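Working through the structure, step by step
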Amino acid sequence: MPTNIYDTAELELENGEVIVAKPLPIKQLKKFMSVIRKLDAESVQSEEDAMDVFIEAAMVCLEKTNPDIGLNRETFEEVVNIPTMMKILEICGGLKLNDPNLLGAALVGTN
């Protein structure tokens, strides 16, 4: 039996559906990284702008495994709460935002 060398997590959404989060394959990870780079851009001027980047990145994480959520922003926003979104970003993209200082810096676009 093969050995998994990464962690997965079952996450319950607001509608009761359970999804499995696992690290992205390289092709999707590149797309994810491209979205996250927007946090460095001048276009992120507010917490709402940063939240939009996080939402877009989390949707990239779900595009292939849960396309009904990952390809529809309205559905995503209805069924995913902030802690779940942050866990998706951490597991799928390796983005750890559990440090309040790091999260605050990302949300206001400062270092």
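All of these numbers come straight from a predicted model, not from anything done at the bench.

Before going further, it helps to examine the overall build of the protein chain. Of regular secondary structure, the protein chain possesses 6 helices and 2 strands. The buried share among the 111 residues of the protein chain stands at 36%. In the protein chain, 52% of the contacts between residues at least 6 apart in sequence involve partners at least 24 apart. Looking at the protein chain as shown, the accessible area adds up to about 7,100 Å², and 51% of this sits on carbon and sulfur atoms.

On the secondary structure map, N66 appears in the loop between α2 (47–62) and α3 (67–70). At 3.0 Å, the side chain of N66 forms a polar contact with the side chain of T65. Other than its neighbours up to four places away in sequence, N66 contacts E17 and I19.

Alternating positions in strand β1 (residues 9–12) separate cleanly, A9 and L11 being buried on one face and E10 and E12 remaining unburied on the opposite face. In this sheet, strand β2 (residues 18–21) lies alongside β1 in antiparallel orientation, the contact comprising 4 bridges. The partner of E10 across the bridge, within β2, is V20. The turn linking β1 back onto β2 is made up of 5 residues, and G16 within it adopts a positive phi angle of 90°.

Those residues of helix α1 (residues 26–36) that fall on the buried side of the exposure criterion are Q28, F32, V35 and I36. The buried side chains of α1 occupy one side of the element, clustering within an arc of 95° when seen end-on. Of the residues in α1, the exposed ones pointing more than 90 degrees away from the buried face are I26, K27 and K30. Against α2 and α5 (82–93) lie the buried residues of α1.

Here the focus is the environment of C61. Note that C61 resides in helix α2. Judged by its relative accessible area of 5%, C61 is buried. In this structure, the C-alpha to C-alpha distance between C61 and P23, residues 38 residues apart in sequence, is 8.5 Å. Setting aside residues up to four positions removed in sequence, C61 forms contacts with L24, F32, I88, C92 and G93.

Bringing α5 into the picture now. If you check α5, its first and last C-alpha atoms are 16 Å apart, about what 12 residues at 1.5 Å a residue would give, namely 16 Å. Count one or two residues on from α5 and you reach G94, which has phi positive near 75°.

Confidence in the prediction for the protein chain averages 88 pLDDT; 87% of positions are at 70 or higher. No element of the protein chain has a lower mean pLDDT than helix α6 (residues 100–108), which averages 57, and none a higher one than helix α4 (residues 73–79), which averages 98.

Cut-offs applied
- Residues numbered from 1 in each chain as written.
- Predicted model: local features only at pLDDT ≥ 70, side-chain atom pairs only at ≥ 80, totals over all residues.
- Heavy atoms only, no water.
- Helix = DSSP H or I, 4+ residues; strand = E, 2+ residues; numbered from the N terminus.
- Buried < 20%, exposed > 50% of the residue type's maximum accessible area, 1.4 Å probe, protein only.
- Contact = heavy atoms within 4.5 Å.
- Areas by Shrake-Rupley, 256 points an atom, 1.4 Å probe, with all protein chains shown as cover.
- Polar contact = N/O pair within 3.5 Å; in protein donor to acceptor, adjacent residues only side chain to side chain.
- Pairing = 2+ DSSP bridges.
- Arc of directions from axis to C-beta.
- Expected span 1.5 Å × (residues − 1).
- pLDDT = per-residue confidence, 0-100.

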